[in-house]
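Coordinate inspection notes
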Amino acid sequence: MTLNQLRAFLAVHALGSLSAAAKELGISQASASELISRLEQELGSSLFTRTSKGLSPAPAAEELHPHALDCVNSARRGVEAVQALHTLTGGVSTFGVLRYAANYDLADLVVQFHRKYPDVRVRMIGLNSHVVAASVASGEIECGLVVLPVDAQDLEVRQLARDEVRFISSTRDPDAGPVTIEELAEAKLVLYDANAGWMDPTRRQLQARASLAGLSIEGQMEVEHAETAYDLVAAGAGESFMARGILASLRSEDQVRSFPFAEPLYDTIALVQRKHGYLSPATRRFSALAQHAVAAQEGLTSLV
């Protein structure tokens, strides 16, 4: 069984005609007929029956079709991958990033990529990590950077780095020490990423800890942006928690102090893609650039 036989089979299956398939493949009708005939001999089964409207797929053809498609597509992707080692002259890279990519100096990834590969179009989508993960699992996005935990049943996950999450307050005693889960549950909390709610990975970690202690965590105020939550904490309206990378990117208010948790808490940054999923050559290059950018971040603990 050869790729040319499978290509001929797929063309006849799609077009219902040997002559149309031959034209599509750029070969003679006799050559197309010979390729189909040899394939049928190898399989020991007829693949098409002739009708008044042309060639109709036999049951054997319907069984073969998805496997033939996989083989031909895999061969094409292999050629693309090898060619991409030398140059990228087109295509689209679709990549998801954690919502606060800019706070980790990841916002210029597109600029860096475009300088190297000006003919490739890039779609970089910044959403809450649970949305990025769901979009990757559905195939809407090829791969992306997320903060764990996310629902990863259909994903391959590669942990890259971690960032400590700190409790922030402008009213807490500077000498009060680490924050317990009991204190957090009693705090007047200002929470951000209101749209994601308790699907947000950092919130999920804290809620899981609270549940183990028989407690629950509630937000007295919910806003969409970390910057807004920080401003409210600075004004004394409540307290919150943020990763060091986000805090470092915000303006420093003397009265806003950060405290570790009694049980240290970390946001783990990871690269996710679909299990056994295909990454275009452009997205593989973009992914490598993103991983390098995460590894270069000061303040993050590398996990690779």
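Below is a short write-up of the structure. (Residues numbered from 1 in each chain as written. Predicted model: local features only at pLDDT ≥ 70, side-chain atom pairs only at ≥ 80, totals over all residues. Heavy atoms only, no water.)

1. A look at the overall build of the chain
- Regarding its fold elements, the chain presents eleven helices and twelve strands.
- For 304 residues, the compact-globule estimate of 2.2 N^0.38 gives 19 Å, and the C-alpha radius of gyration of the chain, at 27 Å, exceeds that figure by more than 25%.
- The C-alpha extent of the chain, read off along each of the three principal axes, is 85 × 45 × 30 Å.
- The buried share of the chain, reckoned over its 304 residues, is 43%.
- Within the chain, contacts between residues at least 6 apart in sequence are counted, and of these 76% link residues at least 24 apart.
- Put simply, the chain shows about 15500 Å² of open surface, and 49% of that area lies on carbon and sulfur atoms.
- Taking the average location of the 27 positive side-chain charges in the chain and that of its 36 negative ones, the two points are 8 Å from each other. (Helix = DSSP H or I, 4+ residues; strand = E, 2+ residues; numbered from the N terminus. Rg over C-alpha atoms; globule rule 2.2 N^0.38 Å. Buried < 20%, exposed > 50% of the residue type's maximum accessible area, 1.4 Å probe, protein only. Contact = heavy atoms within 4.5 Å. Areas by Shrake-Rupley, 256 points an atom, 1.4 Å probe, with all protein chains shown as cover. Lys, Arg positive; Asp, Glu negative; His and termini not counted. Charge placed at Lys NZ, Arg CZ, Asp CG, Glu CD.)

2. Quick word on the pattern of salt bridges
- One pass over the full model with this rule turns up nine salt bridges.
- Between E224 and R99 there is a salt bridge, and its shortest N-O distance comes to 2.6 Å. Taken together, the positions of E224 in the loop between β8 (219-222) and α9 (226-234) and R99 in the loop between β3 (92-98) and α5 (109-116) put the pair 125 residues apart, joining distant regions of the chain.
- Measuring nitrogen to oxygen at the nearest pair gives 3.4 Å for the salt bridge that ties R204 to D151. With a gap of 53 residues between them, R204 in helix α8 (residues 201-212) and D151 in the loop between β5 (143-148) and β6 (155-169) connect regions that are remote in the sequence. (Salt bridge = Lys/Arg side-chain N within 4 Å of Asp/Glu carboxyl O.)

3. Considerations on the packing of helix α2 (residues 18-25) against helix α3 (residues 29-43)
- In the contact formed by α2 and α3, the axes pass within 8 Å of each other and the chain directions differ by 105 degrees. Relative to α3, α2 is oriented roughly perpendicular. Only Q29, A32, S33 and I36 of α3 make contact with α2, whose side of the interface consists of L18, S19 and A22.
- Grouping the constituent residues of the contact of α2 with α3 by class yields four nonpolar, three polar and no charged. (Axes fitted to C-alpha atoms, helices over the stretch in contact; angles between N-to-C directions. Parallel < 35°, antiparallel > 145°, perpendicular 65-115°, else oblique. Nonpolar A, V, L, I, M, F, W, Y, C, P; charged D, E, K, R; others polar.)

4. Comments concerning the pairing of strand β2 (residues 54-57)
- In terms of strand pairing, strand β1 (residues 48-51) meets β2 through four bridges, oriented antiparallel. Looking at the pairing, R50 lines up with L55 of β2. (Pairing = 2+ DSSP bridges.)

5. Description of the packing of aromatic side chains
- Taken as a whole, this structure holds six aromatic pairs when the rule is applied.
- With a centroid separation of 5.0 Å and 50 degrees between ring planes, the pair formed by F113 and Y117 is classed as tilted.
- Here Y117 falls in the buried class, since its relative accessible area comes to 16%.
- Relative to F261, the ring of F167 has its centre 6.4 Å away and its plane inclined at 80 degrees; by these criteria the two rings are edge-to-face. Of this pair, F167 sits in strand β6 while F261 sits in the loop between β10 (257-259) and β11 (265-274), and the two are 94 residues apart along the sequence. This pair shows no difference in class: F167 is buried, exactly as F261 is.
- Members of the aromatic cluster, joined through ring pairs, are F95, F113, Y117 and F286.
- The residue whose ring lies beneath R162 is Y266, and the NZ or CZ to ring-centre distance is 3.9 Å.
- One cation-aromatic arrangement involves R172 over F259; the distance from NZ or CZ to the ring centre is 4.5 Å. (Phe/Tyr/Trp six-rings, centres within 6.5 Å; stacked < 30°, edge-to-face > 60°. Lys NZ or Arg CZ within 6 Å of the ring centre and 35° of its normal.)

6. What to know about the nonpolar core
- Of all hydrophobic cores here, the largest spans 56 residues; its most connected members are L145, L184, M242 and F261.
- At six residues, the largest contribution of residues to this core is made by helix α11 (residues 281-295).
- Beyond its immediate stretch of four places on either side in the chain, M242 contacts E164, V165, R166, I168, Y192, A226, A229, Y230, L247 and L250.
- Counting residues in hydrophobic clusters, the runner-up holds 20 residues, among them A8, L10, L18 and L47. (Core = buried A, V, L, I, M, F, W, Y, C linked by side-chain atoms within 4.5 Å.)

7. Remarks on α2
- Turning to α2, its buried residues number three or more, namely L18, A21 and A22. An end-on view of α2 places all buried positions within 100 degrees of arc, on one side of the element. Turned more than 90 degrees from where α2 packs its buried face, K23 and E24 sit exposed.
- Looking at the packing, one finds that the buried side of α2 touches α1 (3-15), α3 and β2.
- A positive backbone phi angle near 75 degrees is found at G26, which sits one or two residues after α2. (Arc of directions from axis to C-beta.)

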